[in-house]
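Close look at the chain arrangement
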Amino acid sequence: MITDKILQLIGFAVGGAVIAIICNILLLNFARSLGIRNKNDIVVRWSNESKPSLGGVSFYVVFLLAAIIFSILYDDVNIFRNKQFVGLFAAGSMAFLMGLGDDAYNTRPLLKLFVQISCGVLLAATGTVIDLFHIPIADQLITVIWTVIVMNSLNMLDNMDGISGTTVFFILLSCLISSWIIFDFNTNIWSVLMCAVIGVMVGFLSMNIYPSKLFMGDAGSQFIGLFVAFFGIKFLWNVGTESELPSWLGFCVTLVAFTPTAVDTLTVVINRLKKGQSPFIGGKDHTTHHLVYAGLSDRKVWLVFVLIGALSFVFSIAMVNLIKEKIYIPVLLSVAYSIFVFVLLYRNTIKYPERREK
């Protein structure tokens, strides 16, 4: 029985990867101009070569197909009676459509922010809430803020080949294994969706690792940001509460699992504010770019983030195991890993300042 369930989840992951590859190949063949924003992408992206920003379309397609196939295989489960799934579906659709519009028309920042806030409100209203303060209005507010931060953070991290997709892969892997540790192994809708999208990331990365053929685009970064924010709440933020331990333990686990994107976003915000610049405009001043200024090739920068992502996954899962065993003092000490990565990469941005031209 367990073997059958494992094979089903592997099937969703492999299917997600295959569909992503097929979808991206079709998009590359039929959309040579759609999704290419020559005037804007070259300014804020590391690559000076315009490429389709349509890789994220496959994310949403596989998400929908996985939900449909799950409904067929488990016809006794009505996923649309699950408030949290309805919230994920509605918010994910909003995020995808907004991102798609931004790829095509460059929507106004305030409109993007409004949609992101609306996505967070939808999650909170349908029961996906960070249980940190145990005060409903405060927890709902932090949920909305979290959603907006993650959607923007992954969008900002999508600045070099393979970086954002790799980071998402390891974060979702952390969420998946954490769910099995806390709630035992299962093949519910959440495991199916995570396996499918993990597969999508593999398929996408096969065309996004340097030298890439296409970018994720805002359609991809906004949808996957919402998707990751949702599962981060369910299986990382609330692990302490689920284990009847202090809720701040979930914050520690989440920080470690999200180390790559958290460090990059914090570094960019600090450095831009120091220069009197807006943190919300594009630029070639991310931690990834400064690693190139330090002498690393684009591929080696990706390998650095593979290492950081893998370590973040290992540490976060070790922390979840400790929490399940009611051992939580070492969990707090594990945060030192995230601090170490931040100090290392932030120091590099100071030692090797931004160059105006690649």
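Residues numbered from 1 in each chain as written. Predicted model: local features only at pLDDT ≥ 70, side-chain atom pairs only at ≥ 80, totals over all residues. Heavy atoms only, no water.

**Topic: the overall build of the chain**
Condition: Only DSSP runs of H or I with at least four residues qualify as helices, and only runs of E with at least two residues qualify as strands; both kinds are numbered from the N terminus onward. Only protein chains enter the accessibility calculation, which uses a 1.4 Å probe; a residue whose area is less than 20% of its type maximum is buried, one above 50% is exposed, and one in between is partly exposed. The contact criterion used throughout is that any non-hydrogen atoms of two residues lie within 4.5 Å. Only the protein chains shown count as cover for residues, and all accessible areas are computed by the Shrake-Rupley method using a 1.4 Å probe.
Within the chain, the secondary structure is distributed over 15 helices and 0 strands. Judged by the C-alpha coordinates and their principal axes, the chain covers about 55 × 50 × 40 Å. A buried classification covers 55% of the 358 residues belonging to the chain. Intrachain contacts of the chain at a sequence separation of at least 6 include 79% that bridge at least 24 residues. With the model as given, the accessible surface of the chain reaches about 15600 Å², and the carbon-plus-sulfur share is 69%.

**Quick word on the packing of helix α6 (residues 136–157) against helix α12 (residues 259–274)**
Test applied: Axes, fitted as lines to C-alpha atoms, cover a helix only where it is in contact. Angles between the N-to-C directions of the axes lie from 0 to 180 degrees. Each angle is binned into one of four classes, with values under 35 degrees roughly parallel, values over 145 roughly antiparallel, values of 65 to 115 roughly perpendicular, and all other values oblique. Each residue gets one of three labels, nonpolar for Ala, Val, Leu, Ile, Met, Phe, Trp, Tyr, Cys and Pro, charged for Asp, Glu, Lys and Arg, and polar for the others, Gly among them.
One can describe the packing of α6 onto α12 by two numbers: an axis separation of 9 Å at closest approach and a directional angle of 85°. The angle between the axes of α6 and α12 places the two elements in the roughly perpendicular class. Residue-level contacts link S153, L154, M156 and L157 of α6 to T261, D264, T265, V268 and R272 of α12. When the residues that make up the contact of α6 with α12 are grouped by side-chain class, the tally is 4 nonpolar, 3 polar and 2 charged.

**Thoughts on unusual backbone geometry**
The bulk of non-glycine residues show a negative phi, and the bulk of peptide bonds are trans. Cis geometry is found at the peptide bond from Y210 to P211, where omega equals -5°. You can see P211 is positioned in the loop between α8 (189–208) and α9 (217–237). Residue H134 is not a glycine yet carries a positive backbone phi of 65°. Residue placement: H134 occurs in the loop between α5 (109–125) and α6. Backbone geometry places K326, a non-glycine residue, at a positive phi of 65°. Tracing the backbone shows K326 in the loop between α14 (298–324) and α15 (329–351).

**Digging into the state of the cysteines**
Short version of the rule: Two cysteine sulfur atoms form a disulfide, by the criterion used here, when they sit within 2.5 Å.
The tally for this structure, following the rule as stated, stands at 0 disulfides. The thiol sulfur of C119 is not disulfide-bonded, and the nearest other cysteine sulfur, from C175, lies at 18 Å. Considering cysteine sulfurs only, C175 is the nearest to C252, which forms no disulfide, with 16 Å between them.

**Some remarks on the nonpolar core**
Note the threshold: Residue types Ala, Val, Leu, Ile, Met, Phe, Trp, Tyr and Cys, when buried and joined through side-chain atoms within 4.5 Å, form a set referred to as a nonpolar core.
By size, the foremost hydrophobic cluster in this structure holds 95 residues, and its most contacted members are L88, W190, L193, I224, F227, V228 and F231. When residues of this core are assigned to their parent elements, the largest contribution, 13 residues, is made by α9. When sequence neighbours within four positions are dropped, the list of residues in contact with L88 reads F63, L123, W190, L193, L226, F227, F230 and F231.

**Digging into the pattern of salt bridges**
Definition in use: A pairing counts as a salt bridge when a side-chain nitrogen of Lys or Arg comes within 4 Å of a carboxyl oxygen of Asp or Glu.
By the definition in use, this model includes 4 salt bridges. Of the charged contacts, one joins K112 and D218 as a salt bridge, the two residues approaching to 3.1 Å between their closest N and O atoms. Pair noted here: K112 is in helix α5 and D218 is in helix α9, with a separation of 106 residues, a long-range link. Note on accessibility: K112 and D218 belong to one class, buried. We note a salt bridge from R272 to D285, for which the minimum N-O separation is 2.7 Å. Of the two residues, R272 is situated in helix α12 and D285 in the loop between α12 and α13 (287–293); the sequence distance between them amounts to 13 residues. Like D285, R272 is buried. Through salt bridges with shared partners, a single network forms among D102, K112 and D218.

**What to know about the packing of helix α3 (residues 57–73) against α9**
With their axes 8 Å apart at the nearest point, α3 and α9 run at an angle of 45° to one another. In terms of their interaxial angle, α3 and α9 are classed as oblique. Touching F59, Y60 and F63 of α3 are G220, F223, I224 and F227, all from α9. Its residues assigned to classes, the contact of α3 with α9 comprises 6 nonpolar, 1 polar and no charged.

**A short note on the side chain of D285**
The line we're drawing: Each polar contact in these results corresponds to two N or O atoms within 3.5 Å; when the atoms are within protein, one needs to be able to donate a hydrogen and the other to accept it, and residues that are neighboring in sequence are counted only if both atoms are side-chain atoms.
A residue is classified by how much of its surface remains accessible, and D285, at 4% relative accessible area, is buried. One polar contact links D285 to R272, side chain to side chain, over a distance of 2.7 Å. Apart from the residues lying within four places of it in its own chain, the contact partners of D285 are V268, R272, H290 and E354.

**Comments concerning the side chain of S164**
Summarising the element assignment, S164 is placed in helix α7 (residues 163–183). If we ignore the near neighbours within four places in the chain, the residues touching S164 are L154, L157, D158 and M216.

**Overview of the packing of aromatic side chains**
Rules: The pairing test for Phe, Tyr and Trp rings, Trp by its six-membered ring, is centres within 6.5 Å, and the orientation test on the planes gives stacked under 30 degrees, edge-to-face over 60, and tilted for anything in between.
Applying the stated criterion to the full structure yields 25 aromatic pairs. Ring plane angle 85° and centroid distance 6.1 Å describe the contact between F63 and F227, whose orientation is recorded as edge-to-face. Here F227 lies in helix α9 and F63 lies in helix α3, a separation of 164 residues in the sequence. We note that F63, like F227, is buried. With a centroid separation of 6.3 Å and 25° between ring planes, the pair formed by F85 and F89 is classed as stacked. With F85 and F89 both in helix α4 (residues 83–105), this residue pair falls 4 residues apart, about one helical turn.

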